[in-house]
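Residues per chain, in single letters:
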Number of protein chains: 2
Amino acid sequence: MSNWMKNLRRVEPYVPGEQPRSLEVVKLNTNENPYPPAPGVAEALHQMNTDTLRRYPAPDCGMLTAVLARRYGVAQNQVFVGVGSDDVLGMSFLTFFNSEKPILFPDISYAFYEVWADLLRIPYEKQPLDASLRLVREDYYKENGGIVFPNPNAPTSILEPLSFVEDIVSHNPDSVVIVDEAYIDFGGTSALPLIEKYDNLLVVQTFSKSRSLAGMRIGFALGSPALIQALNSVKNSYNSYTMSQAALETGTAALEDEAYFQETIGKITQTRQEAVQRLAALGFSGPAPMANFLFVTHESIPARELFAALREADIFVRYFDKPRIDNYLRITVGTPEQMEKLYTFLEDYMKH
Amino acid sequence: MSNWMKNLRRVEPYVPGEQPRSLEVVKLNTNENPYPPAPGVAEALHQMNTDTLRRYPAPDCGMLTAVLARRYGVAQNQVFVGVGSDDVLGMSFLTFFNSEKPILFPDISYAFYEVWADLLRIPYEKQPLDASLRLVREDYYKENGGIVFPNPNAPTSILEPLSFVEDIVSHNPDSVVIVDEAYIDFGGTSALPLIEKYDNLLVVQTFSKSRSLAGMRIGFALGSPALIQALNSVKNSYNSYTMSQAALETGTAALEDEAYFQETIGKITQTRQEAVQRLAALGFSGPAPMANFLFVTHESIPARELFAALREADIFVRYFDKPRIDNYLRITVGTPEQMEKLYTFLEDYMKH
């Protein structure tokens with residue numbers, strides 16, 4: 001081994017869900033939106049003056065943060081944007097989690113929290129979910145260097161009420177508390193109103209799920225001006241220009257079409273409701289889903305077996321080979337047509 | 001002050017050159033390309049199937065790394081791509097510079113090296129340029145935790161020959177050596193051929209300058225499979241999907257038009273050659289420029305005064321208020337028309 005290899009940062013990277021490029025595949029494995037982005041997105045790209053691409057984009061991303069501020073009723077200095085919510089969360093770990101005390105997050109949760117903590121050498125303590133896969137609020141009362149959890153949680157799809165979030169925030173005036181709301185638009189109540197009351201609360205959301213823009217990489221955070229300023233200082237110390245002109249323009253277009261947004265959410269929650277019933281009829285059960293995916297276990301067939309059989313039939317869902325959840329499947333809510341293919345396959349499979 | 005503020009990562013961010021949005025301004029301050037990107041870039045965006053944006057892009061960026069590998073005659077596992085060369089360099093600092101020994105870079109150089117080292121708490125020692133603003137190769141023979149320097153250097157625009165780069169690399173088998181070639185396409189010889197011989201050499205380039213795509217945020221690194229694999233592990237531990245679908249498609253289109261690329265480079269080097277003569281006639285001097293900018297000082301008028309006067313006339317150039325270079329201006333090579341406005345203003349100014 002060469003000597004320079006001794007100084008490599010060694011990490012166990014997050015393994016994202018497979019991204020088969022074939023359009024034949026029924027892709028219910030990465031919680032993408034089954035509907036295209038708002039029509040304004042196509043318009044923005046198709047009419048873009050590409051001559052401007054020779055210039056750097058505005059480093060303050062002002063075009064997009066202005067529209068976000070208006071949409072969410074906050075000041076522009078309460079908005080931060082990044083390359084997907086992963087970039088926003090990664091920057092937040094780097095910015096806020098510099099204590100010697102461990103940060104806290106649920107043991108069954110978004111797998112990236114542990115990966116970021118390892119990468120950035122942040123001490124952490126995972127807090128176990130209870131028997132019904134719920135967060136236990138008292139676990140987050142102990143001394144800590146920061147707190148992060150998704151609401152709704154992933155991969156469980158369980159939503160906690162606003163009072164639960166406020167309870168954790170109010171018990172932690174000395175820590176930054178990050179609520180990862182990647183899936184909040186599918187029926188949840190955002191913690192956004194609390195940022196006026198708690199200057200240590202950061203709410204993180206994304207355009208990848210409810211706004212059908214996973215391919216453009218846009219995430220954002222809302223919080224007190226002090227939190228946002230600290231985030232911007234770190235971001236400007238890493239890369240002045242994280243957001244491409246194309247991301248700024250398509251993000252703005254997506255945000256401006258509120259009717260399309262509501263319609264898409266409506267369709268997905270409708271399909272989700274049907275899915276709960278159809279899957280129950282097939283012997284599946286799981287927590288009440290409040291994200292754009294379901295987390296289900298079957299009364300007799302092991303999840304691992306179902307996962308493999310579905311994959312064989314070009315129906316991709318997600319399976320986590322981890323203690324306590326290794327008999328569950330995470331199934332993204334697709335179009336009614338995609339879901340029908342899933343039900344048909346499962347009905348057929350159950351007969352054998 | 002709230003207690004959570006004690007755990008903020010405090011940094012002095014890099015301050016990028018101003019980005020006035022007005023098209024009236026003669027903008028020669030951020031080393032952007034004065035010509036638009038290749039026509040294929042407009043075509044790629046204007047014909048893009050925006051329905052695919054609902055999906056995550058391919059996490060391996062295979063579309064773009066394949067074309068880069070072909071263009072630069074390397075294997076695909078020798079190519080890494082990121083959100084501009086700043087992202088590539090930042091990830092490289094995080095991946096490779098984990099020694100207790102200080103990393104080395106020139107004292108007058110790209111200002112971000114110091115900012116990244118501070119942000120990531122990497123020890124460093126700046127090596128002074130000599131009296132003619134050149135790197136001193138022997139300064140990079142001492143024990144170190146890594147080496148990074150731009151070639152051509154910025155803001156001096158001075159190019160070192162390949163033998164100089166190889167000398168530094170060959171003296172440092174135990175360190176990763178990063179050659180930042182953001183400006184290499186404007187007449188320099190890339191260190192790329194050396195990556196087959198030295199598995200510790202990383203060559204970093206960008207689409208922002210020679211390919212007129214600053215607005216899309218695309219940078220890349222070429223090196224041994226071991227270096228690239230280490231970079232990908234860290235990248236996948238931070239953000240699985242850094243490159244948007246739009247960046248992958250426009251980057252590919254830009255790379256495929258070799259004729260346009262050569263033509264643009266030709267025009268810029270031609271204008272640069274004229275600029276040296278025209279500015280000399282006005283009393284300016286400086287190192288022989290080998291990037292898309294000039295670094296000049298005037299025989300009698302202080303640079304600070306000229307900078308302010310130019311700005312007043314809506315001609316933006318860059319001024320660094322730093323020891324040893326505070327009597328220089330960095331002037332990006334613009335179109336002949338933009339440069340004519342600069343000369344006219346200066347001629348007029350000299351008369352007073």
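Rules used in this analysis
- Residues numbered from 1 in each chain as written.
- Chains lettered and ligands numbered in written order.
- Predicted model: local features only at pLDDT ≥ 70, side-chain atom pairs only at ≥ 80, totals over all residues.
- Heavy atoms only, no water.
- Disulfide = S-S within 2.5 Å.
- Helix = DSSP H or I, 4+ residues; strand = E, 2+ residues; numbered from the N terminus.
- Expected span 1.5 Å × (residues − 1).
- Buried < 20%, exposed > 50% of the residue type's maximum accessible area, 1.4 Å probe, protein only.
- Contact = heavy atoms within 4.5 Å.
- Least-squares fit on C-alpha atoms with pLDDT ≥ 70 in both.
- Phe/Tyr/Trp six-rings, centres within 6.5 Å; stacked < 30°, edge-to-face > 60°.
- Lys NZ or Arg CZ within 6 Å of the ring centre and 35° of its normal.
- Buried area = accessible area lost by both parts, 1.4 Å probe.
- Salt bridge = Lys/Arg side-chain N within 4 Å of Asp/Glu carboxyl O.
- Polar contact = N/O pair within 3.5 Å; in protein donor to acceptor, adjacent residues only side chain to side chain.
- Pairing = 2+ DSSP bridges.

Engineer: Honestly, the state of the cysteines in this entry has me stumped. Any pointers?
Structural biologist: Disulfides are covalent bonds that link the sulfur atoms of two cysteine residues. Within this structure, the stated rule accounts for zero disulfides over all chains. For the unlinked cysteine Cys61(A), the closest cysteine sulfur is that of Cys61(B), found at 20 Å.

Engineer: Sorry if this is basic, but what is going on with helix H8 (residues 258-281) of chain B here?
Structural biologist: Quick reminder: α-helices carry 3.6 residues per turn. Residues three or four places apart thus point the same way. Residue and element names in this part refer to chain B. Compared with the 34 Å implied by 1.5 Å per residue over 24 residues, the 35 Å span of H8 between its first and last C-alpha is a close match. Listed as buried for H8 are Tyr-260, Phe-261, Thr-264, Ile-265, Ile-268, Thr-271, Arg-272, Ala-275 and Leu-279. Contacts made by the buried residues of H8 are with helix H1 (39-46), helix H2 (62-72), strand S9 (284-285), strand S10 (293-298), strand S12 (329-332) and helix H10 (336-351).

Engineer: Would you explain the relation of the copies chain A and chain B in this entry?
Structural biologist: Related by rotation about an axis and a shift along that axis, the two copies of the chain form a pair. Laying chain A over chain B is done by rotating through 180 degrees and shifting 0.0 Å along the axis; what remains is an RMSD of 0.0 Å. The transformation relating the two chain copies, once decomposed into turn and shift, fits a two-fold axis. It is His46(A) whose C-alpha, among those of chain A, lies nearest the rotation axis, at 1.9 Å. Of the interface residues in chain A, 100% have counterparts in chain B that sit at the interface too, so the contact is made through matching surfaces.

Engineer: I keep staring at the packing of aromatic side chains and nothing clicks. Help me out?
Structural biologist: The geometry of an aromatic ring pair is captured by the separation of the ring centres together with the interplanar angle, meaning the angle of the planes. Scanning the model with the defined rule gives 36 aromatic pairs over all chains in all. When the centroid spacing of 5.7 Å and the interplanar angle of 90 degrees are considered together, the rings of Tyr110(B) and Tyr113(B) count as edge-to-face. By relative accessible area, Tyr113(B) is classed as buried at 0%. On the basis of an interplanar angle of 35 degrees and a centroid distance of 6.4 Å, the ring pair of Tyr113(B) and Trp116(B) is categorised as tilted. Residue Tyr113(B) and its partner Trp116(B) are located together in helix H4 (residues 112-119), separated by three residues, close to a single helical turn. By the burial criterion, Tyr113(B) is buried, and Trp116(B) matches it. Three or more aromatic residues joined by ring pairs form one cluster here, namely Phe93(A), Phe97(A), Phe105(A), Tyr110(A), Phe112(A), Tyr113(A), Trp116(A) and Tyr124(A). Above the face of the Phe261(A) ring, Arg211(A) is positioned so that its terminal group lies 3.9 Å from the ring centre. A cation over an aromatic ring shows up here: Lys267(B) above the ring of Tyr35(B), its NZ or CZ 4.0 Å from the ring centre.

Engineer: Just to check I follow, could you spell out the interface of chain A and chain B for this structure?
Structural biologist: Bring the parts together and some accessible area is lost; that lost area is often taken as the interface size. Each partner contributes residues to the interface: chain A has 88 residues there, and chain B has 88 residues. Summed over both sides, the interface of chain A with chain B buries roughly 7300 Å², with 55% coming from carbon and sulfur. Joining chain A to chain B, the criterion identifies zero salt bridges. At the surface where chain A touches chain B, the tally comes to 41 residue pairs in polar contact (both at pLDDT 80 or more).

Engineer: Quick question: what am I supposed to make of the sheet that holds S10(B) here?
Structural biologist: Two orientations exist for strands paired in a sheet by backbone hydrogen bonds: parallel and antiparallel. All names here are of chain B. In spatial order, the strands read S9-S10-S12; together these three strands make up an open sheet with antiparallel pairing. A single partner strand is all that each edge strand has here, and the edge strands are S9 and S12. Two elements, S9 and S10, share two bridges in a ladder whose sense is antiparallel. From the neighbouring strand, Ser-285 faces S10, where its bridge partner is Thr-297.

Engineer: I keep staring at the environment of Arg278(B) and nothing clicks. Help me out?
Structural biologist: Following the sequence through the fold, Arg278(B) ends up in helix H8. Exposure remark for Arg278(B): the relative accessible area of 31% places this residue in the partly exposed category.

Engineer: Can you walk me through the pairing of S12(B) in this structure?
Structural biologist: Note on strand geometry: in a regular strand, side chains alternate between the two faces of the sheet. Residue and element names in this part refer to chain B. Residues Leu-329 and Ile-331 line one face of S12 and the alternating positions Arg-330 and Thr-332 line the opposite face, and both faces are buried. Bridge count for S10 against S12 is four bridges, and the pairing is antiparallel. Across the sheet, residue Leu-294 finds its bridge partner in S12, namely Ile-331.

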